[in-house]
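# Notes for the structure review
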Amino acid sequence: MTQWIDVCSVDDLQPDSGVCALIDGRQIAVFYMSQDQAIYAIDNFDPFGKANVLSRGLIGDLGGEPMVASPLYKQHFNLKTGVCFEDESIKVETYAIRTENGRVEIATVS
Amino acid sequence: MNTKQKLVVIGNGMVGQNFLQSLAESGIKDQYEVITFCEEPRPAYDRVHLSAFFSGKSADDLSLVPEGFFENNNITIHMGDRAIDIDKENQLVFSEKGLTVSYDKLVLATGSYPFVPPVPGHDRENCLVYRTIEDLEAITAAAKNSKIGVVVGGGLLGLEAANALKDLGLETHVVEFAPRLMAVQLDAGGGAMLKKKIEDLGVSVHTSKNTTNIGDGDNCFHKMTFADGEELETDIVLFSAGIRPRDDIARNSGLDIGPRGGIVIDNQCKTSDKNIYAIGECALWDGRIFGLVAPGYTMARTVVADLADNDASFTGADMSTKLKLLGVDVASIGDAHARTPGAMVYTYQDGAAEVYKRLVVSEDKKLLLGAVLVGDAAGYSTLLQYCLNGIELPENPDSLILPSRSDESVGLGPDALPMSAQICSCYDVSKGDVCEAIEKGCTTVPALKDETQASTGCGGCAPLLKSVLDSELTKAGIEVNTDICEHFPHTRQDIYNLVMVEEIKTFNELLDKHGTGRGCEVCRQAVGSILASYWNEYVLKKEHLSLQDTNDTFLANMQKDGTYSVVPRVTGGELSPDMLIASGQVAKKYGLYTKITGGQRIDLFGARVDQLPGIWSELIDAGFESGHAYGKSLRTVKSCVGSTWCRYGIDDSVGLAVELENRYKGLRAPHKIKMAVSGCTRECAEAQGKDIGVIATEGGWNLYVCGNGGMKPRHADLFATDLDKDTLIKYIDRVLIFYVRTADRLQRTSVWMENMEGGLDYLKSVVIDDKLGICNELEKQMQYVIDTYQCEWKTTIEDESKLKRFRHFVNSDQTDENIVFVEERGQIRPANEEEREQLKLTEEA
Ligand code: SRM
Ligand SMILES: Cc1cc2nc3c(=O)[nH]c(=O)nc-3n(C[C@H](O)[C@H](O)[C@H](O)COP(=O)(O)OP(=O)(O)OC[C@H]3O[C@@H](n4cnc5c(N)ncnc54)[C@H](O)[C@@H]3O)c2cc1C
Ligand code: SF4
Ligand code: FES
């Protein structure tokens, strides 16, 4: 069953940029796209650079799909699906995320 | 089974080598065993660019021989061995070192030697010539102990030699026998204008002077005496009074020689012996010697064709030239002296601007026969094409040399040229050849150069090549997409102008007005850089935060494991013991790996993001500032120790480096900028490998621009000499802001320069002559950036709200467990995957 876990205040998010949350020992990158008022959550671990850095990448869109570019070697990951634009066989985990009363919450499935 | 014929080439100069290369590329290369005699101590080099030796090009840089050329093509070269005799009957060549080589075919490419008039004293010490690398070494050596230099001969080469003497810091004179300079190419009006311009540059010109004696001087090493009784004292005499063909071995072996020298050849470049050819400057065709390389190359190709039994003839060559002599543009085309019967002449002279132009046209005013341009040679390509291709002139031919008062362009577009028009005379590349290469897919100038060799010789044809390319691409409907990314239909330059003109201050404003979508890492960073260059606001200001890649966001460079490096500024590489100790203490406290960088400063590695503010506040307390190692901005100004300590130092290189680094620190640019200052020409700071390089000379500072190391190293170009400090700084201000405004994203100054139409000369005209009238504005903008400088780290640690970001997690104070170090050579380094596994196992156990 889905359980929403409190992460941080909405004010802790960085507009058009990312932060990293620690949930149940997992590192999750959280992005806030100000134009669309949208938030996304994906794994923080960069499968190419093998380091916990995706939350520190630049974000935007490619062909209309929201993406983050890894700060290490610049591969792009789809923020909605986690799929890598350059190599579709590589995918990082995505998580359901919402705001509730000024708080950011991420869903874990247990 | 040796059926190969023996081919011997005497002389491995420019033309000899070109012949070997043409042969190696031809279908008949395997029919010959090739042997060549090379008198000089090194194989062929680029004599045309010989003077570049003085601005730092080495003998290797000038070499014309690709690596492994002789080995790969099975050519035997006898280096440093001169052929001394030919036995035509038995087909043998004898060499100075005692070799005897037989031949089936012989090619003479012995070139020419500088003519030294037999005046008494011509063979005194420090009476020199200008033809080989050894000559230039002798000139450099002599100049060390000299103050004054005289060039005898005011022709093309004489003026080039005068330039060299001037650059070596000598008071320079030119003595010419004829009543005007460049008598071969210019008419009286052009010669007079050139003389005035050259004298304005500080070179004294003495025309109608016949040297009668060179003897001991009173104040200098020599005293020259002239027929009119006048005298001139000098330390060096450099003869450049014309060239004479090296025809002695041909003469001794009984080949036909012209009455005034030169080995007589026919249209197939054959001498009076059917097995012997002569090519290049030693050859006399139709009573003429051709003192340029292009005709020599045509002769070389003709011989290769003849050997292959193909039809080819040498039928003379165009001797038009365009040059920059002592910074003055000079060009001469075709029949400059109007010797053609019935020829008519138009002249245009602008005394104030010091421009002289003359057109020689046919009696019916339909054809251009010749032209002379002094002071402004911009019209050269167009006029040359009219002349060479017999293109009918416009109704008023003088419109070609009158300054255009309307917008109407009189230039001859590349479309008007026939396919046979020669674009590059050095390599005989026609418009047809260029178009063919374009069709094959060469859509850039570098690709065309590779494919056709056009523009790889003297470079004079580069603008024409580019315009042919542009017009062909446009015609083919190929639009070169120069948009920076899918979010902005603009180039970086366009965006810069939009920011400037519309006073746009944020990315979102720009995106709203001129872009689509949400941006990406390419446009965000590019716009972030432009906004920073122009407005110079704090880069972590809320509106700009999303434009910075991680390095700029955390003001540190991310390493492979997600940790960061810390590089404080060490201006000019100068660091006091106290500061050195302080950086060591910080490193020790935080357990960081330390290394001296290639940029003369100290790098501390292995800092976690949460440690950065602590590290930096301690560094700032110790007096350090951000080093901007993370930014596309000024990195370091490297220095050598200079006059303060070094026994050779001419000026205070460290002092200037510190001043420059403090002036330009924080300047954001399309790419990183590196500088260096050396205290003398030994160049220990490697200034010629930097974007901006400065070298101290006796006369002031020499400024070099647009060099770099890295992937594709490029020597910087000498931009201006003997500057006082104020002028130097003014020029650097202007060059840098002009770069910031006009370069593409991530384009170093070297590539910027190489893509700039008009290249170095154009940059000089913008920065030194203020051709665009923007110098004031450029300086003002630089001053604004300097006035608004802040240490980004200082601003950051003073702002609580900014420090919030320097945590690995928003919701926890834990650190990243993935960061694991091991020890090596007494310091930390990131653990590799295997070591990580190992560590995990031990922990679990
Ligand atoms: C630390 C240092 C190596 C060292 O241990 O000595 C270094 C380290 C890096 N260099 Fe460098 N370069 C360092 C001196 C140089 C030099 C030598 C110099 O400056 O005299 C050069 C050649 C000179 C030049 O740039 O013209 C140099 C040419 C490059 C290039 C190639 C640039 C080019 O135009 O081809 C890159 C790649 C780039 O910038 O795109 C590069 C990029 C990098 C990056 C940023 C690569 C990266 O993205 O991780 C490295 C990160 C720096 C860090 O983490 O702090 N580094 N790099 C040197 C820092 C100097 C400093 O004090 O700031
Ligand atoms: C400073 C300078 C600037 C110039 N600028 C230009 C320019 O802008 N444009 C232009 O078109 N031209 C220019 N020239 C002229 C150009 O360099 C010559 O036209 C070209 O080098 C001629 O080539 P070559 O092979 O005939 O002679 P060279 O290049 O002189 O080669 C002849 C070679 O043969 C060797 N040799 C001679 N005799 C013997 C022997 N018996 N045995 C073995 N080896 C022998 C010589 O040592 C020499 O190495 C310039 C020349 C100089 C010196
Ligand atoms: S460049 Fe010249 S002044 Fe500087 S250290 Fe080297 S020798 Fe000394
Ligand atoms: S004309 Fe000299 S390189 Fe083309």
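Predicted, not measured: the structure shown is a model, and the values here were computed from it.

## With respect to the overall build of chain A
- Helix and strand counts for chain A come out as zero helices and twelve strands.
- Mapped from its N terminus to its C terminus, chain A presents α and β elements in the order β-β-β-β-β-β-β-β-β-β-β-β.
- Each of the 110 residues in chain A was classed as buried or not, and the buried ones make up 57%.

## Description of the overall build of chain B
- Helix and strand counts for chain B stand at 27 helices and 38 strands.
- With 845 residues in all, chain B has 53% of them scored as buried.
- For chain B, the proportion of contacts with a sequence separation of at least 24, taken over those separated by at least 6, is 61%.
- Of the roughly 37,800 Å² that chain B leaves accessible, carbon and sulfur atoms contribute 47%.

## Focus on the packing of aromatic side chains
- In the structure shown here, the tally under the stated rule is 18 aromatic pairs over all chains.
- Through successive ring pairs, a cluster of aromatic residues spans Phe554, Tyr564, Trp616, Trp793 and Phe806 of chain B.
- Against the face of Phe554 of chain B rests Arg56 of chain A, its NZ or CZ located 5.7 Å from the ring centre.

## Here's the deal with the pattern of salt bridges
All names here are of chain B.
- Considering all chains together, one arrives at 50 salt bridges over all chains under this definition.
- Here Asp200 makes a salt bridge to Lys196, at a shortest N to O gap of 3.5 Å. With a gap of four residues between them, Asp200 and Lys196 both fall in helix α6 (residues 188-200), about one helical turn apart.
- On the basis of relative accessible area, Asp200 is assigned to the exposed category, the value being 51%.
- In this structure, Lys541 engages Glu537 in a salt bridge whose closest nitrogen and oxygen atoms are separated by 3.2 Å.

## With respect to the environment of Thr550 of chain B
- Summarising the element assignment, Thr550 of chain B is placed in helix α17 (residues 550-553).
- By relative accessible area, which is 1% here, Thr550 of chain B ends up buried.
- Through-space distance from the C-alpha of Thr550 of chain B to that of Tyr564 of chain B is 9.9 Å; in sequence the pair is 14 residues apart.
- Not counting residues within four places of it along the chain, the set of residues in contact with Thr550 of chain B comprises Arg56 and Pro71 of chain A together with Leu555, Ala556, Met558 and Tyr564 of chain B.
- A polar contact of 2.7 Å, which involves the side chain of Thr550 of chain B, links it to the side chain of Tyr564 of chain B.

## What about the site of ligand 2?
All names here are of chain B.
- As a matter of local geometry, ligand 2 sits amid 27 residues, with Val15, Glu39, Glu40, Arg131 and Glu281 nearest to it.
- The side chain of Arg47 places a nitrogen or oxygen atom 2.9 Å from an oxygen atom of ligand 2.
- Taking Ala109, its main chain carries an N or O atom lying 3.5 Å from an oxygen atom of ligand 2.
- Contact with the protein chains hides 94% of the accessible area of ligand 2, taken as 990 Å² for the molecule alone.
- If you list the elements that add at least two residues to the shell around ligand 2, you get α1 (14-25) and α5 (156-167).

## Overview of the interface of chain A and chain B
- On the chain B side, the residues contacting the 39 residues of chain A number 38 residues.
- Taking both sides of the interface into account, the surface hidden between chain A and chain B amounts to around 3,100 Å²; carbon and sulfur atoms contribute 50%.
- If you sort the residues of chain A by the area they bury against chain B, Leu22, Arg56 and Leu58 of chain A come out on top, with a joint share of 24%.
- Counting across the chain A and chain B interface gives three salt bridges.
- Residues Asp549 of chain B and Lys74 of chain A are paired through a salt bridge, measuring 2.8 Å at the closest nitrogen-oxygen approach.
- Seen at the junction of chain A and chain B, the total is 19 residue pairs in polar contact (both at pLDDT 80 or more).

## Notes on helix α20 (residues 653-664) of chain B
- With twelve residues, α20 of chain B ought to run about 16 Å at 1.5 Å a step, and its terminal C-alpha atoms sit 16 Å apart, in line with that.
- Positioned one or two residues after α20 of chain B, Gly666 of chain B has a phi angle of 90 degrees, which is positive.

## Here's the deal with the site of ligand 3
- In the neighbourhood of ligand 3, the contacting residues comprise Cys640, Val641, Gly642, Cys646, Gly649, Gly679, Cys680, Arg682, Glu683 and Cys684 of chain B.
- Each residue belonging to the shell around ligand 3 can be placed in one class, and the counts come to five nonpolar, three polar and two charged.

## Some points on the sheet that holds strand β14 (residues 222-226) of chain B
Residues and elements named next belong to chain B.
- As summarised here, the arrangement of the three strands in space is β13-β14-β15, forming an open sheet in which the pairing is antiparallel. Either end of the sheet is taken by a strand with one partner, and the two such strands are β13 (211-216) and β15 (231-234). Taking the axes of each pair of neighbouring strands and ignoring which way they run, one obtains an average angle of 20 degrees across the sheet.
- The pairing of β13 with β14 spans five bridges and is classified as antiparallel. Counted as the bridge partner of Thr211 is Phe226 from β14.

## Regarding the environment of Glu89 of chain B
- Mapped onto the fold, Glu89 of chain B is located in the loop between β4 (83-87) and β5 (92-95).
- Note on Glu89 of chain B: relative accessible area 65%, which makes it exposed.

## Let's talk about the sheet that holds strand β21 (residues 321-325) of chain B
All names here are of chain B.
- Judged by pairing direction, the sheet is antiparallel, and its five strands sit side by side in the order β21-β22-β25-β24-β23 without closing on themselves. Only two strands of the sheet have a single partner each, and these edge strands are β21 and β23 (344-350). Direction aside, neighbouring strands of the sheet carry axes that sit 10 degrees apart on average.

What counts, and where the lines are drawn
- Residues numbered from 1 in each chain as written.
- Chains lettered and ligands numbered in written order.
- Predicted model: local features only at pLDDT ≥ 70, side-chain atom pairs only at ≥ 80, totals over all residues.
- Heavy atoms only, no water.
- Helix = DSSP H or I, 4+ residues; strand = E, 2+ residues; numbered from the N terminus.
- Buried < 20%, exposed > 50% of the residue type's maximum accessible area, 1.4 Å probe, protein only.
- Contact = heavy atoms within 4.5 Å.
- Areas by Shrake-Rupley, 256 points an atom, 1.4 Å probe, with all protein chains shown as cover.
- Phe/Tyr/Trp six-rings, centres within 6.5 Å; stacked < 30°, edge-to-face > 60°.
- Lys NZ or Arg CZ within 6 Å of the ring centre and 35° of its normal.
- Salt bridge = Lys/Arg side-chain N within 4 Å of Asp/Glu carboxyl O.
- Polar contact = N/O pair within 3.5 Å; in protein donor to acceptor, adjacent residues only side chain to side chain.
- Near = heavy atom within 4 Å.
- Buried area = accessible area lost by both parts, 1.4 Å probe.
- Expected span 1.5 Å × (residues − 1).
- Nonpolar A, V, L, I, M, F, W, Y, C, P; charged D, E, K, R; others polar.
- Pairing = 2+ DSSP bridges.
- Axes fitted to C-alpha atoms, helices over the stretch in contact; angles between N-to-C directions.

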